[in-house]
Amino acid sequence: YSNLSATDQAYVGSADVVDYIRGVRTKEQQYGGTFRNRASILGDIVDSSPAYVMDSDTLYVGANDGMLHAFNASTGVELFAYVPSAVIPNLANLTSPTYTHTYYVDGDIAVTSKAQTSNRNYLVSLLGRGGKGLFALDVTAPATFDESKFLWEYTPTASTTAAADNDLGYMIGRPSYVKLNNGKGAIIVGNGYNSTSGSAVLYVFILKSDGSIDSVKKFDTGIAGDNGLSTPTAFDSDNNGTIDYVYAGDLKGN
């Protein structure tokens, strides 16, 4: 709790809430406390498909306890957990005895292989139904993961890279890491659904070699009004290892 910013402390409310999120159970009602009882300290996993990384024998999955979890795939031991800033305002709700199910880290995950990204593993996860946006981590050495391995978040507000972006919606589906014709790596995603703008927009996050964002390119289809772009598929038409076309559908049937 003492490591949180004043803003995040106000969201969370107390050190007891932080301990509860981290798995301490002594404040649950069944042990004489006031917090919600849990059958398991691992939250439910609904739409976040697990991603396995052979390079480090690690399994990653998002859960509705507010965290992306990393597990040693051979032993099942948790290596680390990451809480995206977008879900921090809602973490305290998890302790309420009247809590009703809420999505937190519910999106799909993509992790690059070392062969793709200069001997590094970069993880990109959507928030899915848990929020509008996505985040990226350097997970090359998950057993020694710390705050220095955080790369970026991109959300409509409170982001390290986007002051305000009304085109971001709830992104459903798996992000894709691709190589562009200019030789740079990029993450491509559709803007998803229920964005403030109601447009259908393709996002291309062009990355630097260290996994940070070089630039963000947005391609608006021009078809607005309660619209949104689905998960895109990239196509390499000349088989040279770089993508030439991107296909995606929208809610208007295009």
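Here's a quick rundown of the structure. Since this is a predicted model, take the numbers as computed values, not measurements.

### A word on the sheet that holds strand S12 (residues 213-220)
Hydrogen bonds along the backbone pair up the strands of a sheet, which may run parallel or antiparallel.
Part 1 of the reasoning: With antiparallel pairing, four strands are arranged side by side in an open sheet as S9-S10-S11-S12. Sheet topology places strand S9 (176-179) and S12 at the edges, where each strand pairs with a single neighbour. Between one strand axis and the next, the sheet turns by 25° as a mean value, whatever way the strands run.
Part 2 of the reasoning: Of the strand pairs in this sheet, strand S10 (residues 185-190) and strand S11 (residues 201-207) are connected by five bridges, and their pairing is antiparallel.

### Quick look at the pattern of salt bridges
Part 1 of the reasoning: As enumerated under the stated definition, the model contains nine salt bridges in all.
Part 2 of the reasoning: The residue Asp-106 makes a salt bridge to Arg-129 at a minimum N-O spacing of 4.0 Å. Of this pair, Asp-106 sits in the loop between strand S4 (78-82) and strand S5 (109-111) while Arg-129 sits in the loop between strand S6 (122-126) and strand S7 (134-138), placing them 23 residues apart in sequence.
Part 3 of the reasoning: Lys-149 is the salt-bridge partner of Asp-146, the closest N and O atoms lying 3.7 Å from each other.

### Considering a nonpolar patch on the surface
Part 1 of the reasoning: Among the surface-exposed residues, Tyr-52, Met-54 and Leu-59 lie close enough to one another that they form a single nonpolar patch of about 330 Å² accessible area.
Part 2 of the reasoning: The residue Leu-59 is located in strand S2 (residues 58-62) in this model.
Part 3 of the reasoning: For Leu-59, a relative accessible area of 30% gives the class partly exposed.

### A few points about the packing of aromatic side chains
Part 1 of the reasoning: Taken as a whole and judged by the stated rule, the model has nine aromatic pairs.
Part 2 of the reasoning: Pairing Tyr-20 with Phe-35 gives two aromatic rings, centres 5.5 Å apart and planes at 80°, and the pair type is edge-to-face. Taken together, the residues span a long stretch of sequence, with Tyr-20 in helix H2 (residues 15-21) and Phe-35 in the loop between H2 and strand S1 (51-53) at a distance of 15 residues. Of the two residues, Tyr-20 and Phe-35, neither departs from the other in class, the shared state being buried.
Part 3 of the reasoning: With a centroid separation of 6.1 Å and an interplanar angle of 25°, the aromatic rings of Tyr-82 and Phe-150 are classed as stacked. Here the residue Tyr-82 occupies a position in strand S4, and Phe-150 occupies one in strand S8 (residues 150-154), the gap between them amounting to 68 residues.
Part 4 of the reasoning: In this structure Phe-150 comes out as partly exposed when scored by relative accessible area, which is 28%.
Part 5 of the reasoning: Taken together, the ring pairs in this structure connect Trp-152, Tyr-154, Tyr-203 and Phe-205 into an aromatic cluster.
Part 6 of the reasoning: In this structure, Arg-38 is placed above the aromatic ring of Tyr-20, and the distance from its NZ or CZ to the ring centre is 3.6 Å.

### Comments concerning the nonpolar core
Part 1 of the reasoning: With 18 residues, the main nonpolar core has Leu-134, Trp-152, Ile-187, Tyr-203 and Phe-205 as its most contacted residues.
Part 2 of the reasoning: When residues of this core are traced back to their parent elements, those giving at least two are S6, S7, S8, S10 and S11.
Part 3 of the reasoning: Top contributing element to this core by residue count: S11, with four residues.
Part 4 of the reasoning: Other than its neighbours up to four places away in sequence, Phe-205 contacts Leu-134, Trp-152, Tyr-154, Gly-185, Ala-186, Ile-187, Val-189, Ile-213, Ser-215 and Val-216.

### Brief notes about the side chain of Ser-199
Part 1 of the reasoning: Among the secondary structure elements, Ser-199 is positioned in the loop between S10 and S11.
Part 2 of the reasoning: With near-sequence residues (within four places) excluded, Ser-199 lies in contact with Asp-167, Asn-191, Asp-220, Ile-223, Ala-224, Asn-227 and Gly-228.

### A short note on unusual backbone geometry
Part 1 of the reasoning: The phi dihedral of Ser-118 falls on the positive side, at around 50°, and the residue is not glycine.
Part 2 of the reasoning: Even without being a glycine, Asn-119 presents a positive backbone phi close to 65°.
Part 3 of the reasoning: With respect to the element layout, Asn-119 can be found in the loop between S5 and S6.

### Points about the environment of Leu-79
Part 1 of the reasoning: Positionally, Leu-79 belongs in strand S4.
Part 2 of the reasoning: Residues within four places of Leu-79 in sequence aside, it is in contact with Thr-58, Ala-70, Phe-71, Asn-72, Pro-142 and Ala-143.

The rules behind these values
- Residues numbered from 1 in each chain as written.
- Predicted model: local features only at pLDDT ≥ 70, side-chain atom pairs only at ≥ 80, totals over all residues.
- Heavy atoms only, no water.
- Pairing = 2+ DSSP bridges.
- Helix = DSSP H or I, 4+ residues; strand = E, 2+ residues; numbered from the N terminus.
- Axes fitted to C-alpha atoms, helices over the stretch in contact; angles between N-to-C directions.
- Salt bridge = Lys/Arg side-chain N within 4 Å of Asp/Glu carboxyl O.
- Patch = residues over 30% accessible without salt bridge, like charges linked within 9 Å, V, L, I, M, F, W, Y side chains within 5 Å.
- Areas by Shrake-Rupley, 256 points an atom, 1.4 Å probe, with all protein chains shown as cover.
- Buried < 20%, exposed > 50% of the residue type's maximum accessible area, 1.4 Å probe, protein only.
- Phe/Tyr/Trp six-rings, centres within 6.5 Å; stacked < 30°, edge-to-face > 60°.
- Lys NZ or Arg CZ within 6 Å of the ring centre and 35° of its normal.
- Core = buried A, V, L, I, M, F, W, Y, C linked by side-chain atoms within 4.5 Å.
- Contact = heavy atoms within 4.5 Å.

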